[in-house]
Amino acid sequence: MRKIPYAAMMALAATTLSACATKGFVRQGLEAQRVAQSAALDGERQAREAGDAALRTDVNGLRTDLNALRNDLGTLRNDFGARITAMEDQVKFAMPVHFGFDDAAVRQQDQAALEKFAQVANAHYKGATITIEGFADPAGSQAYNLRLSRERADAVRDFLVTRGLDGAQLRTVGYGKSRLVRPGARAADEGAELNRRVTFVVETPAGAGATTVAAMTASR
C-alpha cells in the first residue's frame, strides 16, 4: 500500500477543517439572518396591530361624534322647530327666533332655542365662522329696515356670546325686508312675525358639512 506523503495529508486535513469552518460560519450567518427576519416580522405585526387598534379607536370616536351630532340636530328640529339645510361647506339653521314689531330685543321665549344652538355650535362647529342674518318685515323704509335687521343680528350675537360662543367666530349682517317668508305681511299682519327673524349660516371646517348631511340622513 502506497504511503501518502505527510505534506499531502496535512494539506488535506487543512482543507477539510477549512470546509467545516466555512459551513459553520454559513450556518451561523443563516441563523442570524433568520432571527433578524423573525424580529422584523414581529415588529411589523406589532406595528400593524397598533395601527389597527388606533384605527378602531378613531372609527369609534367618529361614530360617537356622529351620534352626538345626530341627537343634537334632532333636538333642534323636533324640540325647537329649526329647519336645517346642509351643503358641502355650509350648514344653514333657520331658527324660530322672531322679534316684536320695530324691536331688536331677544325675546324670553326664544332664549332656550338660542342656548341650544350655542351648545351645538360649541360641540360640533368649533372654530367655524357663523354668520347671523337678520331680517325685517316690509313696514318702513329700506334704509330703516336694513339698520333694524342688523341690530337684531347684533342682539342675537351678543346673547350667544353670553352662552359661551366665541365672538370672534360670529359675524352679523342685516338683509332688511328682503327674502320675506310671508310677502307683504307687516306690523300686526298675520305671519308678519315670521319675517322678523334671524338665521344662521355656519361655514363648516373641512368635512363637517358632509358629517352634518350624514347625521341628518341617518336621523330620518
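See above for the structure.
Structural notes, computed from the coordinates. Being a predicted model, the structure only gives us computed values, none of them experimental. (Residues numbered from 1 in each chain as written. Predicted model: local features only at pLDDT ≥ 70, side-chain atom pairs only at ≥ 80, totals over all residues. Heavy atoms only, no water.)

### Some details on the packing of aromatic side chains
The geometry of an aromatic ring pair is captured by the separation of the ring centres together with the interplanar angle, meaning the angle of the planes.
Working step 1: Counted by the stated rule, this structure contains four aromatic pairs.
Working step 2: The interplanar angle of 75° and the centroid separation of 5.3 Å between the aromatic rings of Phe93 and Phe117 together place this pair among those described as edge-to-face. With Phe93 in strand β2 (residues 90-98) and Phe117 in helix α2 (residues 111-124), the pair connects residues that are 24 residues apart, well separated along the chain.
Working step 3: Taken together, Phe93, Phe117, Tyr125 and Phe200 form an aromatic cluster joined through their ring pairs. (Phe/Tyr/Trp six-rings, centres within 6.5 Å; stacked < 30°, edge-to-face > 60°. Helix = DSSP H or I, 4+ residues; strand = E, 2+ residues; numbered from the N terminus.)

### Section: the side chain of Thr199
Working step 1: The residue Thr199 is located in strand β5 (residues 197-203) in this model.
Working step 2: The class of Thr199 is buried, set by a relative accessible area of 5%.
Working step 3: Within the local environment of Thr199, its side chain forms a polar contact with the side chain of Glu133, the two groups lying 2.6 Å apart.
Working step 4: Dropping the residues within four chain positions of it, Thr199 is found in contact with Lys92, Phe93, Ala94, Thr131, Ile132, Glu133 and Phe135. (Buried < 20%, exposed > 50% of the residue type's maximum accessible area, 1.4 Å probe, protein only. Polar contact = N/O pair within 3.5 Å; in protein donor to acceptor, adjacent residues only side chain to side chain. Contact = heavy atoms within 4.5 Å.)

### Here's the deal with the pattern of salt bridges
Working step 1: By the definition in use, this model includes 10 salt bridges.
Working step 2: In this structure, Lys116 and Asp72 form a salt bridge, with 3.3 Å as the shortest nitrogen-oxygen distance. Of this pair, Lys116 sits in helix α2 while Asp72 sits in helix α1 (residues 6-80); the two residues are 44 residues apart in sequence, bridging distant segments of the chain. The two residues Lys116 and Asp72 agree in class, both being buried. (Salt bridge = Lys/Arg side-chain N within 4 Å of Asp/Glu carboxyl O.)

### A closer look at the packing of α2 against helix α3 (residues 142-162)
Working step 1: As a packed pair, α2 and α3 sit with axes 10 Å apart at the nearest point and diverge in direction by 60°. Seen from above, α2 lies across α3 with right-handed handedness. Between α2 and α3, the residues in contact are Gln111, Leu114, Glu115, Phe117 and Ala118 and Val156, Phe159 and Leu160, respectively. (Axes fitted to C-alpha atoms, helices over the stretch in contact; angles between N-to-C directions. Left-handed = near helix turned anticlockwise from the far one by under 90°.)

### Side note on α3
Working step 1: Taking 1.5 Å of rise per residue, the 21 residues of α3 would be expected to cover 30 Å, and the 31 Å separating its terminal C-alpha atoms lies within 8% of that figure.
Working step 2: Those residues of α3 that sit buried are Asn145, Leu148, Ser149, Arg152, Ala153, Val156, Phe159 and Leu160. Each buried residue of α3 sits inside an arc of 140° when the element is viewed along its axis, so together they form one side. Opposite its buried face, α3 presents the exposed residues Ala143 and Thr162, each directed more than 90 degrees away.
Working step 3: As for α3, its buried residues are in contact with α2, β3 (129-134), β4 (170-174) and β5.
Working step 4: Backbone geometry just after α3 places Gly164 at a positive phi near 105°. (Expected span 1.5 Å × (residues − 1). Arc of directions from axis to C-beta.)

### Some details on the pairing of β2
Working step 1: With four bridges connecting them, strand β1 (residues 83-86) and β2 associate as antiparallel partners. When the sheet's bridge partners are listed, Ile84 is paired in β2 with Phe93.
Working step 2: Between β1 and the antiparallel strand that follows it, β2, lie three residues.
Working step 3: With six bridges connecting them, β2 and β5 associate as antiparallel partners. Looking at β5, one finds that Lys92 is bridged to Val201. (Pairing = 2+ DSSP bridges.)

### With respect to the nonpolar core
A general feature of soluble globular proteins is that nonpolar side chains tend to end up buried together.
Working step 1: Core analysis: the largest hydrophobic core is formed by 29 residues, its most contacted members being Phe93, Met95, Phe117, Leu160 and Phe200.
Working step 2: The set of elements that each furnish at least two residues to this core consists of α1, β2, α2, β3, α3 and β5.
Working step 3: At six residues, α2 tops the list of elements feeding residues into this core.
Working step 4: When residues no more than four places from it in sequence are discounted, the contact partners of Met95 are Leu76, Ala82, Ala113, Phe117, Val198 and Phe200. (Core = buried A, V, L, I, M, F, W, Y, C linked by side-chain atoms within 4.5 Å.)

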